[in-house]
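Here's the letter readout for the chains.
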Amino acid sequence: MPSIPESALIRLQANQDHVRNICILAHVDHGKTTLSDSLLASNGIISSKLAGKVRYLDSREDEQERGITMESSAISLYFKIMRRVSSQAAAGGAPIASSVTDQSNNTPADSPTDSPQSSPAEVKKSEEYLINLIDSPGHVDFSSEVSTASRLCDGALVLVDAVEGVCTQTHTVLRQAWRESVRPVLVINKIDRLITELQFTPLEAYLHLNKILEQVNAVMGTFFSENVLEEDYRKKAEQKKKTQENVDESVAALQDTFSDWHVETQDDSHIYFHPSQGNVIFASAIDGWAFRVDQFAAIYAQKLGMKEGVLRKCLWGDFFLDPKTKRVIGYKGLKGRPLKPLAVQMVLENVWKVYEVVVTEPDKEMTEKVVKLLNLKLLPRDLKSKDTRATLTTIFSQWLPLSTCVLLAVIEQLPSPPAAQKIRMPKMLHPLESTPPEPTEEWEKGMVSCDASNGVVAYVSKMVSVPLDVLPKNKRKTLSAEEMRQRGRIQREQLIASAKAAEIGEVGVHLDVDEVIANKALAEAQERAAAEELEGKEALIGFARIYSGTIRVGQRLKVLGPKYDPAQPTLHCSEVTVDSLFMIMGRDLIGLDEVPAGNVFGIGGLEGHVLKYGTLWSADWEGGQNLVGKGLETAPIVRVALEPEDPTQMAKLVRGLQLLNQADPSVQVLTQETGEHVILTSGEVHLQRCMADLRERFARIEISMSEPIVPFRETAINAPAQLITSAAMSANEAQAQEQGEKLIAKSGTGARGTIVATTPNRFVRFVVRTVPIPEELRKYLVEHAEQIQTYVESIQGSGNKGSTSPSTAHPTADEEAKLEQKLMSELRPLFAKAGDDWKGKEKDVLAFGPRRVGPNLLINNLGIDFSRNSSGNNNGQEETHGITVQDMAESVHTGFQIATNSGPLCGEPMLGMAFFLNEIELLEDTQDGGASEGRSKMAVTSGQVITTMRDACRLGFLEWSPRLMLAMYSCDIQTTAEVLGKVYAVIARRKGKILHEEMKEGTPFFAIQALMPVVESFGFADDIRKKTSGAASPQLIFSHFEMLDMDPFWVPNTVEELEDLGEKADRENVAKRYMDVVRKRKGLFVEQKIVEHAEKQRTLRKN
Ligand SMILES: Nc1nc2c(ncn2[C@@H]2O[C@H](COP(=O)(O)OP(=O)(O)OP(=O)(O)O)[C@@H](O)[C@H]2O)c(=O)[nH]1
Ligand SMILES: [Mg+2]
């Protein structure tokens, strides 16, 4: 097939109604890249024979090797359809579709719907479309790529494996699409597996497919009801506010009931998938076919003499064909007769038949019959071919071509940029409002109407690193055959001319044979040198979507960073000149002069201005709006320290890390206090990809990598405490502890965990009690981290606008009050349940920690207002040297933050500890006799309060029985029954726990869900793949922290224990092992016996 000229694609960019921006989303390995292959083949980018085999968009070497996509890639496709313009077409007749098929090529028929209905009276009108397609990775490590892709698109093809059904990532991607108002079309892929692998009959397959549809629709249903409930809550809150302002309560009650009715009557039918609505495609990407049931409706309508529209509605569901009357009947009309649903009889059986005669029970004669029946034209060569799979693909490529079906569904079902932006933009700009207001600002109008003549608004969702030699300006021009012939001809003529001139002895001829040859060689050498210089260098290109205006090369634009806040328009904002624009074609880029609104494109010249994502804004407009959205990033959990093998190459590594940080939205690059360079990645596969990138592209040096560093949490429980040895503290801390024994000590009289502490200058004395937070409350704090963060930010934000996180909408004072009210009302019962000490204390929570938002609490138990703000009027508190206890608030708080951020076990953050500040007093100055006054005294004291508070919190913590908490992965594995035992063995060896195991109904597959400590998970995926010969592959997602119920300080103490276990304790203390590894890494003191049993070595070998 011919490849599409670039000019055709560029021309279509301006025709907004004929543009579609779509992405392919699915669980890992459900066939996204394979499906995109067939679409590429339809544009002649790859040969159709190779479609489904090359996985063209997996252009990285490691992607091909591992067979999974790691980076999303984009490509622009051209699609042409012929529409029948006739009265029939107006009534909903199917268009004739054809991707640009070369008619001279050996593919005689374009489409299954071509022949049955066309009549000479009909006029055919061709329509051209541009489809910007993004293939995304399905592996959970790369889920940030899904957020990036869905932000840029208006529609999505959501793939589901017909055998595996709805998996974890299917759920995630559907949610992401829903959140971004991206309209989905469902593709149930790998139907061939139902035929060849599971050997289902068409009826069994039909029931199975229905089950999958139900599963997907159930997922969609939950999103819808969540939305409705949320909106309902918002509406009620608004109404309540109104009624508080004026009318009496009876009316309010009435309104309440009305809103309840409203919920029930909301129509949700449009969100579900049903084959009769045309939003479900059945496909086998590997065999290159796909269909929607309406294709069959077009064929059978004529045969049965029915209206196509009617038949389309009956082709899936409980509808049957009465053999006597030849009428379609419902379930009731069956009257016990064993009829098959129309979907089975008219659709699936046909597909099954083709597989039967070609693959499962090959029969040449039958194949020929079927081919004839389907009105296809196959070459005898194809029919005779021994390769049954090839015959199958040839038949299907004519009968049910995948690209035609999928692209047609995209065009019919998914919205064009103007249609999509009308709905998506208001939601994106006003996420907190149920009915977004009419756009008033110029930019808002431009975005909503997708107006190419307005000012520019674009969103860069990702920076992509491309080799410099791919850029159009650097590309060696590939000459067409004609151009090459032309060049050869000129060179030959020159040679002949010079030879002639030499013959007649003409002087003044400049070109002789040698010169021409030398010139040619020189030109080639120059070209080569230029190419070599570019080789290995990378440029960063922004991957963007333009919502309004037309962007041109040379134009000046404002770049708004992710932290941009309209309230402070000068911060996080810079100006750039657009250096170049590109259409992204997989591995290739096509240079463009301009890009109109509604397209996905690449943009150069942003390096140094955009780190990972940002908004482009017309330079003419004042202010701006931040379009950064919330993604579904998995928390980066695996961290490793890196260093170059050759220490002199440090600069290269640093530069490489910078590039990596820019090119990958979900990696975090840090430099630790120790000077180590650390990267945080979302999982092992992600880590491997980052390392490959660094080694081969960004740094191009050998890099050595530390063992993965896994986070732990420290907590304590109410159990008998072990004797704490100095291992709990570093040598320094222990020493300080000894010296300061009198300053920080446990209270002899107070309850467990009470510490009395005095600052070294003996000016401030306080009593703080550490208590483990009861289970329920702790769970709440962990699960509602996001809510707490919003709350904390809103309090900070109101006092200090601008330092808040880069959210698009700032909560107003009203919303702040609401946030607080909600949080308090939820905390109250939990505090009340926690015990007498806790009751009513939710109002006195001074801070959350660590990082001001974590799951530990600092509680004011002083009975006075203890906050910095109130220090102005010192509430009659005692005052010494002009300093009040309130002045200490900040330092106490900081001490608490430091302690919770790095606990006493191994310097990891605490989880679930509360610190009650019971007393604080300023003592009479005893040391310096009041010499240092006011500010300097304050400075010294506040520093000392921080450290004293920190140590007091740590010591208080150790009064309880300490525990380590392990980061846990939740692990989903699909596997067959044969290797189930092996899977269990691998999980058990890695200290995993099986949560549940379920047989997937109707399939020989088991779905296992397990939990596994992250620290034990390295190499797990490879291990399990090896042990099961690739039959099982796990998906690991960080789930939560779980307590390892083992005291890291436990040693056999009592006589019984010593008797039972011996001095060494045969049972290894796993908690201690984990703790010591971390302490060793951090350079903290580790108590370790180097020689356990110094016995004489014996040789066991007998003579
Ligand atoms: N039997 C069968 N196998 C298929 C089909 N489509 C894809 N596959 C196979 O499924 C495997 C995964 O296909 P990919 O296209 O790489 O899947 P993907 O969704 O792109 O995977 P990620 O990008 O890693 O998430 C490959 O081995 C394909 O050959 C199909 O329709 N039928
Ligand atoms: Mg893929």
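Conventions we followed
Residues numbered from 1 in each chain as written. Chains lettered and ligands numbered in written order. Predicted model: local features only at pLDDT ≥ 70, side-chain atom pairs only at ≥ 80, totals over all residues. Heavy atoms only, no water. Donors = N, O, S within 2.8 Å, 3.2 Å for Na, K, Ca; no water. Helix = DSSP H or I, 4+ residues; strand = E, 2+ residues; numbered from the N terminus. Buried < 20%, exposed > 50% of the residue type's maximum accessible area, 1.4 Å probe, protein only. Core = buried A, V, L, I, M, F, W, Y, C linked by side-chain atoms within 4.5 Å. Contact = heavy atoms within 4.5 Å. Pairing = 2+ DSSP bridges. Axes fitted to C-alpha atoms, helices over the stretch in contact; angles between N-to-C directions. Expected span 1.5 Å × (residues − 1). Phe/Tyr/Trp six-rings, centres within 6.5 Å; stacked < 30°, edge-to-face > 60°. Lys NZ or Arg CZ within 6 Å of the ring centre and 35° of its normal. Near = heavy atom within 4 Å. Polar contact = N/O pair within 3.5 Å; in protein donor to acceptor, adjacent residues only side chain to side chain. Nonpolar A, V, L, I, M, F, W, Y, C, P; charged D, E, K, R; others polar. Arc of directions from axis to C-beta.

- As annotated in an unreviewed UniProt entry, the protein carries the name Elongation factor-like 1 and comes from Dissophora globulifera.

### Points about the coordination of the magnesium ion (ligand 2)
- Each protein donor to the magnesium ion (ligand 2) is listed here as Thr33 (OG1) and Thr69 (OG1); together their distances run 1.8 to 1.9 Å. Here threonine 33, found in helix H2 (residues 32-42), pairs with threonine 69, found in the loop between helix H3 (61-66) and strand S2 (73-85); they are 36 residues apart in sequence, far enough to count as distant.
- Assessed through its relative accessible area of 7%, threonine 33 is described here as buried.

### Brief notes about the nonpolar core
- Counting residues in hydrophobic clusters, the biggest one holds 105 residues, and the most contacted among them are Leu157 and Ile551.
- Here this core gets eight residues from one element, more than from any other, and that element is helix H17 (residues 402-413).
- Setting aside anything within four residues of it in sequence, one finds isoleucine 551 in contact with Val456, Ile546, Leu557, Val578, Leu581, Asp593, Glu594, Val595, Phe601, Ile603 and Leu616.
- With 101 residues, the next largest nonpolar core counts Leu152, Val293, Tyr547 and Phe1005 among its residues.

### Overview of the sheet that holds strand S11 (residues 457-467)
- Pairing within the open sheet is antiparallel, and its eight strands lie in the order S15-S14-S20-S11-S12-S19-S16-S17. Every other strand in the sheet has two partners, leaving strand S15 (573-577) and strand S17 (588-592) as the edge strands with one partner each. Going across the sheet, the axis of each strand differs from the next one's by a mean of 40°, ignoring polarity.
- In terms of strand pairing, strand S12 (residues 538-548) meets strand S19 (residues 600-604) through four bridges, oriented antiparallel. By the bridge assignment, phenylalanine 543 is partnered in S19 with glycine 602.
- Running at roughly 130° to S11, helix H6 (residues 143-152) makes contact with S11, S12 and S19 of the sheet.

### A word on unusual backbone geometry
- Within the chain, lysine 190 stands out as a residue other than glycine whose phi angle is a positive 60°.
- Turning to its location among the elements, lysine 190 is positioned in the loop between strand S6 (183-189) and helix H8 (191-196).
- Even without a glycine there, the phi angle at asparagine 375 is positive, about 65°.

### Let's talk about helix H33 (residues 1070-1081)
- A rise of 1.5 Å per residue sets the reference length of H33, with its twelve residues, at 16 Å; its end C-alpha atoms lie 17 Å apart and thus fit the reference within 8%.
- Here the buried face of H33 lies against strand S25 (712-717), strand S32 (961-976) and strand S35 (1033-1044).
- Glycine 1083 sits one or two positions beyond H33 and adopts a positive phi of about 75°.

### So, the packing of aromatic side chains
- Following the criterion strictly, the structure yields 18 aromatic pairs and no others.
- Ring centres 6.0 Å apart and planes at 35° place the aromatic pair tryptophan 178 and phenylalanine 223 in the tilted group. Highlighted residues: tryptophan 178 in helix H7 (residues 168-179) and phenylalanine 223 in helix H9 (residues 202-245), separated in sequence by 45 residues.
- Looking at phenylalanine 223, the relative accessible area reads 1%, which means it is buried.
- Taken together, the ring pairs in this structure connect Tyr206, Phe282, Trp289, Phe291, Phe296, Trp316, Tyr355, Phe396 and Trp399 into an aromatic cluster.
- Sitting above the plane of the tyrosine 459 ring, arginine 151 keeps its charged end 5.7 Å from the centroid.

### Some details on the site of ligand 1
- Around ligand 1 sit 19 residues in total, of which Lys32, Thr33, Thr34, Thr69 and Asp192 are the nearest.
- Contact distances for ligand 1 include 3.3 Å between an oxygen atom and a backbone N or O atom of histidine 30.
- A distance of 3.0 Å separates an oxygen atom of ligand 1 from a polar atom in the backbone of glycine 31.
- Elements with a minimum of two residues in the shell around ligand 1: H2 and H8.
- Residues that form the shell around ligand 1 fall into these classes: four nonpolar, nine polar and six charged.

### What about the side chain of glutamine 787?
- Its place among the elements puts glutamine 787 in helix H26 (residues 785-799).
- Given the relative accessible area of 17%, glutamine 787 is considered buried.
- Aside from chain neighbours lying at most four places away, what touches glutamine 787 is Tyr780, Lys822, Leu823 and Glu826.

### With respect to helix H25 (residues 775-783)
- When we look at burial in H25, the residues that qualify are Leu777, Arg778, Tyr780 and Leu781. Burial along H25 is one-sided: seen end-on, the buried residues are contained in an arc of 160°. Turned more than 90 degrees off the buried face of H25, the exposed positions are Glu775 and Glu783.

### Topic: the sheet that holds strand S21 (residues 638-644)
- One open sheet accounts for four strands, arranged S22-S23-S21-S24; its pairing is antiparallel. Strand pairing shows two members of the sheet lacking a second neighbour, strand S22 (668-671) and strand S24 (703-705), which therefore form its edges. Between one strand and the next, the sheet's axes are offset by a mean angle of 30°, whatever the strand orientation.
- Each of S21, strand S23 (677-681) and S24 is contacted by helix H23 (residues 684-698), which is oriented at about 135° to S23, the strand it contacts most.

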